[in-house]
Every structure is written in structure tokens, then in C-alpha cells.
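Observations on the three-dimensional arrangement
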Amino acid sequence: DWQGPPQNLLHIRAVGANSTLHYVWSSTGPLATLLVATDTPHSTLAVNWSRLLSPEPDGGLTVLPRDSIRFSSAIVFTRLFEFDDTNTSEASVKPPGKPYPPYSLAEFSWDNITDSLDPATLSATFRGHPIRDPTGAFANGSLAFRVQAFPGSGRPAQAPRLLHSADSCQLEVSLVGAAPRGNRSLFGLELVTLGRGPDCPSVREQSSIDDEYTPAVFQLDQLLWGSPPSGFMQWRPVAFSQRQRGRDSALPCQASPLHPTSEYPLPQSPIVRAFFGSQTNFCAFNLTFGTPTGPGYWDERYLSWSMLLGVGAPPMDSLSPLILGIMAVALGAPGLMLLAGGLFLLLGHKQCSEYQPIN
């Protein structure tokens, strides 16, 4: 009997031989997700809807049995930023232009995810727009969060083609059709996560010479909870300004350092408070997409960025067969040429000559 916009909650449950992984996504308040790992294959999610939708949602969402939980954390997408980059010539300037008032995702209206639920691809999409939009920027646009789980290991067909396993799920964020408030606006996202104790999670950069799956991108960024990691968030520092997601539409993605959020108030996520209570050790960081030069959102009014979320150690990219083949040819060819030349000279020296030695 809930009155008003749909209150979406998506539960992804991955069952192993001796464990269960729970991913809980919800658009009650700002879009947020919970990651919970248990040491039993029989753990379940319990939702008290009346408490979850009340002003005091503490205890409205639990994973049972409680003593089976071995890891839990959360990520909240709190704000969508927009910067006017018209008069900014340096890509290293922070912030990257004059900031417009941000869009609070706690004040978005979200479509019913049942309409986008696709059991064949194990995916669903949270699509929303601001409840109050005095400028009409989102009259023909939307902000979408597509969540996808996987039955096994592999890579998606579209860039950035992050390596996934059956223990992870992917989030693809898309801003489509919204009218920018500047001619060359840059956009960004604010992400908030729970710290492990008093400290923030660690962020690491992993470099590789292999760019076969994401051309011209040689870096992989990872946010890790715990050491060794109990959970991870993984992304390549690239976004795309066209649906084809080719190299010519790639935008750099810049991440700010994690910092505690005790200095300013944050929009409350009901599912985070329902599960963790009134915990306050949150850490935040910003992602900014694009630079003053090159392609941008203004090309087709399209922006897409993807990340992988999982429990345990993140999947590690190894050198692809193409790169291994190139290295084998590059390193092996000179050696083969030297070997063949030496054999030729050695065998050729033993052949009889048509000249007689002079004695």
C-alpha cells in the first residue's frame, strides 16, 4: 500500500558450496548497494518493509543467520556533478571548471525496475531523473544504473570489457539525453563507502602493457576493503561518449583520493542504515569524466562508465594470447635469425670449394 514512486530493491544471491554472496541494490533514497558474504550456503535476506520505509529504518534489512556474516560493506551514489569547462584549458585543474549546483540522487524519481528485469542476461536497470527539474534539463534525458550478474567467468562484449567471475556483478552508469547547463560541460559522480574501522579503504593502481580489451588504456584502478582484500570495486579509468564505445570516444576518468565525510552531511541511504545502523565512518571520492579537449558528453549527449563489484580478491588480468604471440615473435625472431645464420655459416664452411688451395 505504498503511495508514491516505486521503491525498488534488487537482491542478487550467489550460492556456493560453503558460502553465499548477497548483493542488495536499492533506489530508496540515493542509489546504494550492500555487499554481504556469509560462510553458509543457506543464508537468506529478510526485509521489513514497513520499517525500511519509515523515518527510522534501523533493523529493516538483515541477513540471517547473523553469525554467518564474514564480510559486509556498502557503496552509495550520492551526487551527480556538472562543471562548466568552457574557459578551462588545463586538464589538470581541480575542479575541472566552474561547478553548477549538483544533482542529489536522493531527490531522484526512479522507474520500476520490474519493467527492465531480464532473467536471460541476469540484469536490471535503475533509471531515474530529478524530482524537481526547474530548468527541464532531464525532460528528454535520464541517469541509468544497469546492474548485471554473471553465471561464470568471462568478459562483456562492449568496452571496457572488465574480467568478471560468477562471484562479481557489474554496474554500468549511463547519462543519456540530459541537457547540459554549459556548452562543454563535464560530469562527475560522488561515491561514498563504509570504512573498515577508523580508516578508509585503500585504492591501488595496476598497470599493464596489455590494452587488447580496452585500447589505449593501460591502467586498472581498485578500491579494496581489508588486507588481504575482503571485497573490491574495480574499474578502468575510462568512460565513453558514444554508444559504440570505440577508441575515438574514450574519455579519461579521474578519481580523487578517498577522504572521511565527517566534515559535511551526506544523503542517508535507508538500506545502509537498515543494515548497519547509524554508523558514521563513511569515506567518499569523486569520479570526473572527460577533459577540456577531445571528445565529451556534448558530442551525442551520452556518457557511459562501468565498474565491477565483488567479494574476495579481485580477478587479475593476465597477458592475452595476442600479446603473448606478439612478444614471442618480437623476442623469438631475432634469436631464430641468429641461429639460422650461424647454421648457414657453419654448414656452408664445410662444403667443398671450387678453388684449390695454394701450397
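Residues numbered from 1 in each chain as written. Predicted model: local features only at pLDDT ≥ 70, side-chain atom pairs only at ≥ 80, totals over all residues. Heavy atoms only, no water.

So, the pairing of strand β16 (residues 231–235)
Of all the five residues making up β16, five are buried; the element is thus mostly covered by neighbouring parts of the structure. The side-chain alternation of β16 yields two buried faces, one formed by G231, M233 and W235 and the other by F232 and Q234. The pairing of strand β15 (residues 219–225) with β16 spans five bridges and is classified as antiparallel. Paired with L224 across the strands is F232, a residue of β16. (Buried < 20%, exposed > 50% of the residue type's maximum accessible area, 1.4 Å probe, protein only. Helix = DSSP H or I, 4+ residues; strand = E, 2+ residues; numbered from the N terminus. Pairing = 2+ DSSP bridges.)

Notes on the side chain of S174
Among the structural elements, S174 can be located in strand β12 (residues 168–176). Under the relative-accessibility criterion, S174 is labelled buried at 8%.

Section: the packing of aromatic side chains
Per the counting criterion, the structure on display carries eleven aromatic pairs. Taking the centre distance of 6.0 Å and the plane angle of 75° together, the rings of F108 and F138 count as edge-to-face. Residue F108 is located in strand β9 (residues 108–110), and its partner F138 is located in the loop between β10 (123–130) and β11 (142–149); the two are separated by 30 residues in the primary sequence. For F108, a relative accessible area of 6% corresponds to the buried category. (Phe/Tyr/Trp six-rings, centres within 6.5 Å; stacked < 30°, edge-to-face > 60°.)

Quick look at the side chain of S185
With respect to the helices and strands, S185 occurs in strand β13 (residues 185–194). At 2.8 Å, the side chain of S185 and the side chain of E82 are in polar contact. Within polar-contact distance, the side chain of S185 engages the backbone nitrogen of G182 at 3.0 Å. Residue contacts for S185: discarding those within four places in its chain leaves E82, F83, Y100, P180, Y297 and W298. (Polar contact = N/O pair within 3.5 Å; in protein donor to acceptor, adjacent residues only side chain to side chain. Contact = heavy atoms within 4.5 Å.)

Focus: the state of the cysteines
Scanning the entire structure with this criterion turns up one disulfide. The disulfide that involves C200 links it to C283, with 2.0 Å between the sulfurs. Between C200 and C283, the disulfide has an S-S torsion of -90° and is therefore left-handed. With C200 in the loop between β13 and β14 (202–207) and C283 in strand β20 (residues 282–289), the pair connects residues that are 83 residues apart, well separated along the chain. Given a relative accessible area of 26%, C200 falls into the partly exposed group. Residue C283 is classed as buried on the basis of its relative accessible area of 3%. (Disulfide = S-S within 2.5 Å.)

Some words on the nonpolar core
Core analysis: the biggest nonpolar cluster contains 52 residues, and W25, F77, F145, M233 and W305 have the highest contact counts within it. Top element by residues in this core is strand β21 (residues 302–311). It accounts for five residues. Aside from chain neighbours lying at most four places away, what touches F77 is W25, P30, L31, L105, F145, L171, L189, E190, L191 and M307. Within the second largest apolar cluster, 20 residues are counted, among which are A32, V36, L52 and F276. (Core = buried A, V, L, I, M, F, W, Y, C linked by side-chain atoms within 4.5 Å.)

A closer look at unusual backbone geometry
Along the chain, L64 connects to P65 via a cis peptide bond; the corresponding omega equals -5°. By the element assignment, P65 lies in the loop between β5 (61–64) and β6 (69–84). The omega torsion across A159 and P160 is 10°, close enough to zero to call that bond cis. Residue position: P160 is located in the loop between β11 and β12. Backbone geometry places R161, a non-glycine residue, at a positive phi of 55°. Checked against the element boundaries, R161 lands in the loop between β11 and β12. Here R245, not a glycine, exhibits a phi torsion of approximately 55°, which is positive. Take R245: it is sitting in the loop between β17 (238–240) and β18 (250–255). Residue R245 is classed as buried on the basis of its relative accessible area of 8%.

A closer look at the pattern of salt bridges
Two side chains that carry opposite charge are able to pair once their charged atoms sit near each other. A complete count under the given rule lists seven salt bridges for this structure. Notably, a salt bridge pairs R273 with E56, separated by 2.5 Å at the nearest N-O pair. One end of the pair, R273, is in helix α2 (residues 270–276); the other, E56, is in the loop between α1 (49–52) and β5, and 217 residues separate them in sequence. Here R181 makes a salt bridge to E82, at a shortest N to O gap of 2.8 Å. Separated by 99 residues along the polypeptide, R181 in the loop between β12 and β13 and E82 in strand β6 bring together distant segments of the chain. Look at E82 and you get buried, because its relative accessible area is 1%. Within this structure, E56, D58 and R273 form a network of salt bridges that share partners. (Salt bridge = Lys/Arg side-chain N within 4 Å of Asp/Glu carboxyl O.)

Regarding the environment of F145
Turning to its location among the elements, F145 is positioned in strand β11. When its relative accessible area of 0% is taken as the criterion, F145 is described as buried. For the pair F145 and E172, spaced 27 residues apart in sequence, the C-alpha to C-alpha distance is 5.7 Å. In this structure, F145 is in contact with L31, F77, L105, W110, A124, T125, F126, L171, E172 and V173, ignoring residues within four places of it in sequence.

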